[in-house]
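Here is how the chains run, residue by residue.
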Amino acid sequence: MPQKLILASTSPYRRELLGRLGLPFEVANPQTDETPLPNETPEALSLRLAEAKARAVAEHHPDALIIGSDQVATVDGRIYGKPGSHERAVAQLRELSGKTVNFFTGLCLLNATTGNADIRGIPTLVTFRHLSIDEIENYLRREPAYNCAGSAKSEGLGIALLSSMRGDDPNALVGLPLIALCDMLRQQGMSVL
């Protein structure tokens, strides 16, 4: 019998992406402290949290394959998290206007039975256009992306804020790199096709 697949995330975006693969899976809340460690780079933070989320869920699902994922938006070592409010989203978009942001996604597939973890980092470089305050306000009124790092949903109207995207997997920007995940699942003997 194949191992149960668990998504260690409460993100509706990650749940929707994983659902595209047509595999049966369950969702579990990883309840992980996401505070950066002293002098931790954004990329290291993302990789550490992806594994920590998977391991937190493994305590309750010792026979499962567990997917942990974490994403940081970073420019010059500064992390741009979920803004949570209109004011902070406006401030973020003003700061990111004209800049290239690394939306770095840490991905972990943990085999809870063996304790082995496959951990990968997938960067997506997103360049924002030079944005006027009117464009920012109009965007946020139409698509209040307050729960998205960087204050923009590339899979929605937020695409109009961007001038380019560079990366190996368009799903990584939304939060779950499916190309890497499919490879990881195959290596664990779980066939997607």
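Everything discussed here concerns the structure shown above.
Residues numbered from 1 in each chain as written. Predicted model: local features only at pLDDT ≥ 70, side-chain atom pairs only at ≥ 80, totals over all residues. Heavy atoms only, no water.

1. What to know about the overall build of the protein chain
Here is step 1: Tallying secondary structure elements over the protein chain gives six helices and seven strands in all.
Here is step 2: Across the protein chain, helices and strands are ordered from the amino to the carboxyl terminus as β-α-β-α-β-β-α-β-β-α-β-α-α.
Here is step 3: Here the C-alpha radius of gyration of the protein chain, 17 Å, is about what a compact globule of 193 residues would show, namely 16 Å.
Here is step 4: Considering only C-alpha atoms, the protein chain reaches an extent of 55 × 40 × 25 Å along its principal axes.
Here is step 5: Here the protein chain holds 193 residues, and 49% of them are scored as buried.
Here is step 6: The long-range share in the protein chain, meaning contacts at least 24 apart out of those at least 6 apart in sequence, stands at 68%.
Here is step 7: Accessible area of the protein chain: about 9600 Å², with a carbon and sulfur share of 52%. (Helix = DSSP H or I, 4+ residues; strand = E, 2+ residues; numbered from the N terminus. Rg over C-alpha atoms; globule rule 2.2 N^0.38 Å. Buried < 20%, exposed > 50% of the residue type's maximum accessible area, 1.4 Å probe, protein only. Contact = heavy atoms within 4.5 Å. Areas by Shrake-Rupley, 256 points an atom, 1.4 Å probe, with all protein chains shown as cover.)

2. Examining the layout of surface pockets
Here is step 1: The space that makes up the largest pocket amounts to roughly 750 Å³.
Here is step 2: Every residue lining the largest pocket is counted, 39 residues in all, and those nearest its centre are R14, Q71, K82, N147 and A149.
Here is step 3: Those elements that provide at least two residues to the lining of the largest pocket are α1 (12-19), α2 (42-58), β3 (65-75), β4 (78-80), β6 (116-128) and α5 (170-174).
Here is step 4: Counting residues per element, the lining of the largest pocket draws most heavily on β3, at five residues. (1 Å grid on protein atoms, 1.4 Å probe; cavity = no way out; pocket = protein on both sides within 12 Å on 5 of 7 lines; lining within 4 Å. Points joined across faces, edges and corners; volume = space filled by probe spheres on them.)

3. As for helix α3 (residues 86-96)
Here is step 1: Along α3, the residues that are buried comprise A89, V90, Q92, L93 and L96. Projected down its long axis, α3 shows its buried positions confined to an angular sector of 165 degrees, all on one face. Exposed residues pointing more than 90 degrees away from the buried face of α3 are listed as E87, R88 and R94.
Here is step 2: Packed against the buried residues of α3 are β3, β4, β5 (100-111), β6 and α4 (133-142).
Here is step 3: Looking one or two residues past α3, G98 carries a phi angle of roughly 80 degrees, positive in sign. (Arc of directions from axis to C-beta.)

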